[in-house]
Amino acid sequence: MDAEGAGLDLPGYLDRIGYCGPVQATAETLAAVVAGHTRHIPFENLDPLCGVPVEDLRAAALTAKLVGRRRGGYCYEHNTLLRYVLEQLGFGVDALGARVVWMSPTGLDGPPRAETHQTLAVRIPGVDDRFLVDVGFGGQTLTAPIRLVAGPAQQTDLGAFRIRSHDRWGGGYLLETLLGHDWQPMYTFTDRPRPLIDLELGSWYVSTHPRSLFVTGLSAALVVGDARMNLHGRTLSVHHHDGPTERTRLASAAAVIAVLGERFGLDVSGLPAVTDRIAAVLGP
C-alpha cells in the first residue's frame, strides 16, 4: 500500500458499514460495499460549517473521522475513503473530477461550474466494463454501481440513472437521474484520473471559500431502508421510494442537533461553536 493509503483500518471500515460478507473483488462485493456505505456513513458538512477545513484526504485521517469518530463527510471524504478500501480489496479504482449542475438555475446552459465534486471509476478483475461509483453526492447519491458507458437508463434500488455523452466544458459524460417523469442533470465528468493533490485542492476550496454552500449552509443525508433522508437547514425530508415524502420543520438549533444524533448517528459535541453556527444558518 502506498503512503496515501497507509492507516486504513479495513476491518473497522467493514464493521462501520455493517458488512460481513466475502471480500473478493467481485461485482457482488462491490455492490454490497456501496449499499452498506450509503446506509451507514452519512453525508454531512459540519466541519466546513464550523470553520474546520477538510484538507487531509489520506487514509489515516479519513479512517479516524469516518470510522473511528463515526462521523460523515462530503464527496472528497466519502469517495476517497472508499477508493482506499476498494484498492485494498483488489479492485482497480480511478478518482475522477466532476462539475455539479444539480438544481442549478442555469444548469447546462450557463458557463462551466467549478470542478468541485469527486466520483470514482471502478474496474472489477476479469470484467471489461468500468463502473461509476459515487457514495458522496448527498441526497441523490448512487446506491449501487452503474456501468460507465453512455447509453440507456440503468436501474438501481432507489431509482434510475443514465450516463450521456457531453461535449461541452472539455467533453466527457453527464450523469442524470430520473425524478418523476423527468431526467435531471447531476454532474458532468471526464474519465481522466485525478491525483490526490487535485482532490485536496478541491476539498480545501469547497470547505473554506466564503460562498461555498458547505460553509454557508447545513446539509446531511443518509439512505435508510428504501428511503432517502435529507436534512437541509431546519427541514428534514424523508423521500420514500415509490411512496410519499415526509417533511418536518425543526424549531431550533438544539432540535437540529438532536436529529443529527438520533436520526443520522452523528456525535457533534467536539465541533467548535456548533450550536451557534447551526443557529446562524437556519434562518427564520
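Quick look at the structure, then.

Procedures and definitions
- Residues numbered from 1 in each chain as written.
- Predicted model: local features only at pLDDT ≥ 70, side-chain atom pairs only at ≥ 80, totals over all residues.
- Heavy atoms only, no water.
- Helix = DSSP H or I, 4+ residues; strand = E, 2+ residues; numbered from the N terminus.
- Disulfide = S-S within 2.5 Å.
- Buried < 20%, exposed > 50% of the residue type's maximum accessible area, 1.4 Å probe, protein only.
- Expected span 1.5 Å × (residues − 1).
- Lys, Arg positive; Asp, Glu negative; His and termini not counted.
- Salt bridge = Lys/Arg side-chain N within 4 Å of Asp/Glu carboxyl O.
- Polar contact = N/O pair within 3.5 Å; in protein donor to acceptor, adjacent residues only side chain to side chain.
- Contact = heavy atoms within 4.5 Å.
- Pairing = 2+ DSSP bridges.
- Core = buried A, V, L, I, M, F, W, Y, C linked by side-chain atoms within 4.5 Å.
- Axes fitted to C-alpha atoms, helices over the stretch in contact; angles between N-to-C directions.
- Parallel < 35°, antiparallel > 145°, perpendicular 65-115°, else oblique.
- Left-handed = near helix turned anticlockwise from the far one by under 90°.
- Nonpolar A, V, L, I, M, F, W, Y, C, P; charged D, E, K, R; others polar.

### Here we look at the environment of G12
- Examined against the element boundaries, G12 turns out to sit in helix α1 (residues 10–16).
- Linking G12 and V67, residues 55 residues apart in sequence, is a C-alpha distance of 6.7 Å.

### Overview of the state of the cysteines
- As enumerated under the stated definition, the model contains 0 disulfides in all.
- This cysteine, C75, is not joined by any disulfide, and C50 carries the nearest cysteine sulfur, 19 Å off.
- On the accessibility criterion, C75 (4% relative accessible area) is buried.

### Side note on helix α5 (residues 75–89)
- Helix length check: α5 (15 residues) gives 21 Å between terminal C-alpha atoms against 21 Å at 1.5 Å per residue, within 8%.
- The buried count for α5 comes to 13 of 15 residues, which makes it a mostly enclosed element.
- In the segment just after α5, G90 is the residue with positive phi, at about 110 degrees.

### With respect to the side chain of D134
- Considering the arrangement of structural elements, one finds D134 in the loop between β4 (130–133) and β5 (146–147).
- The side chain of D134 is buried and forms no salt bridge, while R228, the nearest opposite charge, is found at 10.0 Å.
- Side-chain polar atoms of D134 contact the side chain of H117, separated by 2.7 Å.
- Sequence-distant contacts of D134, that is, excluding residues within four places in its chain, are made with N79, H117, Q118, T119, T141, L142 and Y187.

### Some remarks on the pairing of β4
- Note: strand β3 (residues 117–123) against β4, 4 bridges, orientation antiparallel. Bridge pairing links L120 to V133 in β4.

### Here we look at helix α6 (residues 196–208)
- Relative to the 18 Å expected for 13 residues at 1.5 Å per residue, α6 spans 18 Å between its end C-alpha atoms, a close match to the ideal helical length.
- The secondary structure elements touched by the buried residues of α6 are α3 (46–49), α5, β2 (92–100), β3 and α7 (213–216).

### Focus: the nonpolar core
- Core analysis: the biggest nonpolar cluster contains 41 residues, and Y13, L30, L82, F91 and V122 have the highest contact counts within it.
- The set of elements that each furnish at least two residues to this core consists of α1, α2 (27–40), α4 (59–68), α5, β2, β3, β4 and α6.
- If near-sequence neighbours (up to four positions away) are discounted, V122 is found in contact with L30, L86, F91, G92, V93, D129, R130, F131 and V133.

### Brief notes about the packing of α4 against α5
- Taken N-terminus to C-terminus, the directions of α4 and α5 make an angle of 115 degrees; their axes are 10 Å apart at the nearest point. Comparing the axis directions of α4 and α5 gives the class roughly perpendicular. As for the relative orientation of α4 and α5, their crossing is left-handed in sense. Contact residues: α4 offers A59, L62, T63, K65, L66 and V67, while α5 offers E77, H78, T80, L81 and Y84.
- Looking at the contact of α4 with α5 residue by residue, the class counts come to 6 nonpolar, 3 polar and 2 charged.

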